[in-house]
Amino acid sequence: DAKTTQPTSMDCAEGRAANLPCNHSTISGNEYVYWYRQIHSQGPQYIIHGLKNNETNEMASLIITEDRKSSTLILPHATLRDTAVYYCIVAGTASKLTFGTGTRLQVTL
Amino acid sequence: DGGITQSPKYLFRKEGQNVTLSCEQNLNHDAMYWYRQDPGQGLRLIYYSQIVNDFQKGDIAEGYSVSREKKESFPLTVTSAQKNPTAFYLCASSWQTTHYGYTFGSGTRLTVV
């Protein structure tokens, strides 16, 4: 599975959009981009995934560049409850997802 | 409600004792996984199982054992051979034939003294 690179930490003001970047320059054609988040001391929660088209659900939007080498997770109106570690994962199937250290998002008043 | 249950939430054991962590799911998921998380670190895969009576080692299987006798259950035993067993253990399950995401349990925090 392709490796991903994410910033270690980010801050976002409450009510503003949080844009979390992820680089995956070695992604192959059959690999999906998955995003999860982990609130302190809980199990990770699935957010969204995509192959090449942009995706949106009730939690977030996923923007994947045309060359698929990077993506951005967008939380349109961040709240304090969105403070968490966000993991970007690239994998060929839903099996054996590998979680790195992710991006620690701090939403502030 | 469907979900995945890990028990207990907190577990204390003396060094040298084996301990078994429970993981049960009623989501009818085919695959189940065990991850370990240390403070400030990501998740590392210990074992996974894609079908009943079959499982594969993950990245850090040494000192751990698992079984998958039923589709719903995937218990993890932390043996005395695991050199540093104190950690947060997370169980997950997923469909095997789709690209839907994992469902995680709430975790078991194991402390060995």
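A quick note: this is a predicted structure, and the numbers were derived from the prediction, not measured. (Residues numbered from 1 in each chain as written. Chains lettered and ligands numbered in written order. Predicted model: local features only at pLDDT ≥ 70, side-chain atom pairs only at ≥ 80, totals over all residues. Heavy atoms only, no water.)

Trainee: Tell me about the side chain of His24 of chain A, and please be specific about residues and values.
Mentor: Residues and elements named next belong to chain A. As for its placement among the helices and strands, His24 is situated in the loop between strand 2 (18–23) and strand 3 (32–38). Judged by its relative accessible area of 0%, His24 falls in the buried class. There is a polar contact of 2.9 Å between the side chain of His24 and the backbone oxygen of Arg68. The contacts of His24, once residues within four sequence positions are left out, are Lys3, Thr4, Val33, Arg68, Lys69, Ser70, Ser71, Cys88 and Val90. (Helix = DSSP H or I, 4+ residues; strand = E, 2+ residues; numbered from the N terminus. Buried < 20%, exposed > 50% of the residue type's maximum accessible area, 1.4 Å probe, protein only. Polar contact = N/O pair within 3.5 Å; in protein donor to acceptor, adjacent residues only side chain to side chain. Contact = heavy atoms within 4.5 Å.)

Trainee: Requested: an account of the sheet that holds strand 3 of chain A, with residues and values cited.
Mentor: Residue and element names in this part refer to chain A. Pairing is mixed in the open sheet, where 5 strands are placed in the order 1-9-8-3-4. Looking at which strands have only one partner, the edges of the open sheet turn out to be strand 1 (9–13) and strand 4 (45–50). Direction aside, neighbouring strands of the sheet carry axes that sit 25° apart on average. In the sheet, strand 3 pairs with strand 8 (residues 84–91) via 7 bridges, with the strands oriented antiparallel. Note that in strand 8 the partner of Trp35 across the bridge is Cys88. (Pairing = 2+ DSSP bridges. Axes fitted to C-alpha atoms, helices over the stretch in contact; angles between N-to-C directions.)

Trainee: Summarise the pattern of salt bridges; cite the residues concerned and give the values.
Mentor: All names here are of chain B. In this structure the tally under the stated criterion is 4 salt bridges over all chains. With a shortest N-O distance of 3.6 Å, Lys71 and Asp30 are connected by a salt bridge. Pair noted here: Lys71 is in the loop between strand 7 (64–66) and strand 8 (76–78) and Asp30 is in the loop between strand 3 (19–25) and strand 4 (31–37), with a separation of 41 residues, a long-range link. Lys71 sits in the partly exposed class, given a relative accessible area of 26%. Asp38 is paired through a salt bridge with Arg44; the nearest N and O atoms lie 2.8 Å apart. (Salt bridge = Lys/Arg side-chain N within 4 Å of Asp/Glu carboxyl O.)

Trainee: How would you explain the sheet that holds strand 3 of chain B if you had to name every residue and give the values?
Mentor: Residue and element names in this part refer to chain B. An order of 1-3-8-7 is seen for the 4 strands of this open sheet, with the pairing classed as antiparallel. Two strands in the sheet have a free side with no partner beyond their single neighbour: strand 1 (4–7) and strand 7. Strand-to-strand, the axes of this sheet are offset by a mean angle of 20°, without reference to chain direction. Note that strand 1 and strand 3 share 4 bridges and pair antiparallel. Of the residues in strand 3, the one forming a bridge with Ser7 is Ser22.

Trainee: A description of unusual backbone geometry should follow, citing residues and the corresponding values.
Mentor: Of note, the amide linkage connecting Ser7 of chain B to Pro8 of chain B takes the cis form, showing an omega dihedral of -10°. In this structure, Pro8 of chain B sits in the loop between strand 1 and strand 2 (10–13). Of note, the phi angle at Ser41 of chain A is positive, near 65°, even though the residue is not glycine. Tracing the chain through its elements places Ser41 of chain A in the loop between strand 3 and strand 4. Accessibility expressed as a relative area gives 31% for Ser41 of chain A, which makes it partly exposed. Located in the positive-phi region is Asn28 of chain B, a residue other than glycine, with phi close to 60°. Checked against the element boundaries, Asn28 of chain B lands in the loop between strand 3 and strand 4. Look at Asn28 of chain B and you get partly exposed, because its relative accessible area is 47%.

Trainee: Can you tell me about the packing of aromatic side chains, naming the residues and giving the values?
Mentor: Two measures describe an aromatic ring pair: the distance that separates the ring centres and the angle between the ring planes. Here the structure, examined in full by the defined rule, presents 15 aromatic pairs over all chains. Geometrically, the ring pair formed by Tyr36 of chain A and Phe99 of chain A is edge-to-face, given 5.4 Å between the ring centres and 70° between the ring planes. Taken together, the residues span a long stretch of sequence, with Tyr36 of chain A in strand 3 and Phe99 of chain A in the loop between strand 8 and strand 9 (103–108) at a distance of 63 residues. The two residues Tyr36 of chain A and Phe99 of chain A agree in class, both being buried. Here Phe99 of chain A and Phe104 of chain B contribute two aromatic rings whose centre-to-centre distance is 5.7 Å and whose plane-to-plane angle is 85°, an arrangement assigned as edge-to-face. With Phe99 of chain A in the loop between strand 8 and strand 9 and Phe104 of chain B in strand 10 (residues 103–104), the pair connects residues from two separate chains. (Phe/Tyr/Trp six-rings, centres within 6.5 Å; stacked < 30°, edge-to-face > 60°.)

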